[in-house]
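# Report on the structure
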Amino acid sequence: MKNIAVIGSGTMGNGIAHVFAQKGYNVSLIDISAPALEKAMATISKNLDRQVSKEVISEADKTNTLNNIKTHTVLADGVKGVDLVVEAATENIDLKLKIFKDLDATCDANTILATNTSSISITKIAAVTNRADKVIGMHFMNPVPVMKLVEVIRGYNTSDAITSQIMDMSKNLGKVPVEVNDYPGFIANRILMPMINEAIYSLYEGVAGVEEIDTVMKLGMAHPMGPLQLADFIGLDVCLSILNVLHDGFGNPKYAPCPLLVNMVEAGHKGVKSGSGFYSWGHGTKDLIVADRFNK
């Protein structure tokens, strides 16, 4: 497989395009918004500059990587002749089902269709196509150029051959693939999101403050960042969406999202992306500053 299409040019999409292009794949980066594609290419270039400054890659490597990416605003143009499509659109089930219906109708019969979903059923997505054996999950971690893990999720009908191909391709990208089965939250978010939710409940119930909760987990459990900081980084709206998938999928009240999380998302406080969550992110420094609402 040499020709790859990536659907969606946001944080995950441009990161996925970056790593494929850096490994010599021909990448079609597809988004309905031309300005979003311009922003994505600028982000990729900036991230490559960071790698050059750290002497991870050369200037020639940067140039080759950028030359390996072509942008498209029309789906049919971008997926023409590709071996693999990786969908990295917004974590919305209706949107993803529409995209996969369109991909199935547009792509060559042998094209593998992968989704970067962090929680939505691969089996459900595959069911809207006529190639369920060729639909699979490739859950990259953020930031994609840095994080080694790829959670490879096989749907109920995903074939052994396709799974093997995606595992091998992930290794070729310099990643560490882990195969998991298709149940709500897979492994990463089935374990991570209840922890984040419990941290939010601890704050909601007044057990401890934002900084105190994160410090306990960083210094006591050797986590690189605390769960509330991580929630801000992921996006509180994304955390809420995943918790709802877990709650709906298992019907277990232990996955019910904390009311504080629900209120914050409804109020537009979504973390880094909105400038405010459990921490304030609009001050232009790397300092961790607890949001005014949560200051004692």
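Located above this text is the structure these notes cover.
All figures in this text were calculated on a predicted structure; none of them were measured in a lab.

Attention now goes to the sheet that holds strand β1 (residues 3-7). The eight strands lie next to each other as β3-β2-β1-β4-β5-β6-β7-β8, forming an open sheet whose pairing is mixed. With one partner strand each, in any of the chains shown, β3 (69-72) and β8 (176-181) form the two edges of the open sheet. In this sheet, neighbouring strand axes are inclined to one another by 25 degrees on average, regardless of whether the strands run parallel or antiparallel. Inspection of the sheet shows strand β7 (residues 149-154) paired to β8 by six bridges, in the parallel sense. Each bridged residue has a counterpart across the sheet, and for E151 the counterpart in β8 is V178. The strands touched by helix α2 (residues 34-53) are β2 (26-30) and β3; relative to β3, the strand with the most contacts, the crossing angle is about 160 degrees.

The relative placement of two packed helices comes down to the angle between their axes together with the axis-to-axis distance. Helix α9 (residues 210-221) packs onto helix α8 (residues 188-204) with a crossing angle of 140 degrees between their chain directions and a minimal axis gap of 9 Å. Of the possible angle classes, the one that applies to α8 and α9 is oblique. Handedness of the crossing formed by α8 with α9: right-handed. Side by side, α8 and α9 meet where M195, A199, S202 and L203 of the first sit next to V210, I213 and M217 of the second. Looking at the contact of α8 with α9 residue by residue, the class counts come to six nonpolar, one polar and no charged.

What follows deals with the packing of aromatic side chains. As enumerated under the stated definition, the model contains five aromatic pairs in all. The ring of Y25 carries the charged tip of K2 above its face, separated from the ring centre by 5.8 Å.

Once that is clear, we can look at the environment of D160. On the secondary structure map, D160 appears in helix α7 (residues 160-172). Once the C-alpha coordinates of D160 and I57 are considered, the two residues, 103 residues apart in sequence, prove to be 35 Å apart. In terms of polar contacts, D160 uses its side chain to reach the side chain of R154, at 2.7 Å.

Next up on the list: a positive patch on the surface. Taken together, the side chains of K46, R50, K54 and K286 present a region of like positive charge at the surface. For K286, the position within the fold is in the loop between β9 (279-280) and β10 (289-290). Accessibility expressed as a relative area gives 86% for K286, which makes it exposed.

Turning our attention to the environment of I242. The topology assignment puts I242 in helix α11 (residues 236-250). Residue class for I242 comes out buried when judged on its relative accessible area of 1%. Contact partners of I242, with chain neighbours within four places excluded, come to S118, S119, N189 and M193.

Along the chain, the position of E151 falls in strand β7. Among the polar contacts listed, one links the side chain of E151 to the backbone nitrogen of A188, at a separation of 2.9 Å. What E151 contacts, discounting residues up to four positions off in sequence, is G137, M138, H139, M141, V178, V180, F186, I187 and A188.

On to the nonpolar core, then. With 34 residues, the main nonpolar core has F20, L84, M138 and F140 as its most contacted residues. Considering each element in turn, this core owes the most residues, six residues, to helix α1 (residues 11-22). The residues touching M138, leaving out its near neighbours within four places in the chain, are F20, L84, V86, A114, T115, N116, V150, E151, I166 and S170. One finds M193, L203, L240 and L260 within the second-largest nonpolar core, a separate group that totals 27 residues.

Here helix α5 (residues 93-106) is 14 residues long and its end C-alpha atoms lie 20 Å apart, about the 20 Å a rise of 1.5 Å per residue gives. Within α5, burial applies to K96, L97, I99, F100, L103 and D104. Buried residues along α5 cover an arc of 160 degrees about the axis, so they all sit on one side. Looking at α5, the residues exposed on the side facing more than 90 degrees away from the buried face are D94 and A105. For α5, the elements touching its buried residues are β1, α4 (75-78), β4 (84-87), β5 (112-115), α6 (122-126) and β6 (135-140). Two to three positions downstream of the cap, the backbone nitrogen of D94 sits 3.1 Å from a side-chain oxygen, assigning the N-cap of α5 to N92.

Another point: the environment of S241. Along the chain, S241 turns up in helix α11. Judged by relative accessible area, which is 23%, S241 ranks as partly exposed. Separated by 150 residues in sequence, S241 and E91 place their C-alpha atoms 7.7 Å apart.

Parameters and conventions
Residues numbered from 1 in each chain as written. Predicted model: local features only at pLDDT ≥ 70, side-chain atom pairs only at ≥ 80, totals over all residues. Heavy atoms only, no water. Pairing = 2+ DSSP bridges. Helix = DSSP H or I, 4+ residues; strand = E, 2+ residues; numbered from the N terminus. Axes fitted to C-alpha atoms, helices over the stretch in contact; angles between N-to-C directions. Contact = heavy atoms within 4.5 Å. Parallel < 35°, antiparallel > 145°, perpendicular 65-115°, else oblique. Left-handed = near helix turned anticlockwise from the far one by under 90°. Nonpolar A, V, L, I, M, F, W, Y, C, P; charged D, E, K, R; others polar. Phe/Tyr/Trp six-rings, centres within 6.5 Å; stacked < 30°, edge-to-face > 60°. Lys NZ or Arg CZ within 6 Å of the ring centre and 35° of its normal. Polar contact = N/O pair within 3.5 Å; in protein donor to acceptor, adjacent residues only side chain to side chain. Patch = residues over 30% accessible without salt bridge, like charges linked within 9 Å, V, L, I, M, F, W, Y side chains within 5 Å. Areas by Shrake-Rupley, 256 points an atom, 1.4 Å probe, with all protein chains shown as cover. Salt bridge = Lys/Arg side-chain N within 4 Å of Asp/Glu carboxyl O. Lys, Arg positive; Asp, Glu negative; His and termini not counted. Charge placed at Lys NZ, Arg CZ, Asp CG, Glu CD. Buried < 20%, exposed > 50% of the residue type's maximum accessible area, 1.4 Å probe, protein only. Core = buried A, V, L, I, M, F, W, Y, C linked by side-chain atoms within 4.5 Å. Expected span 1.5 Å × (residues − 1). Arc of directions from axis to C-beta.

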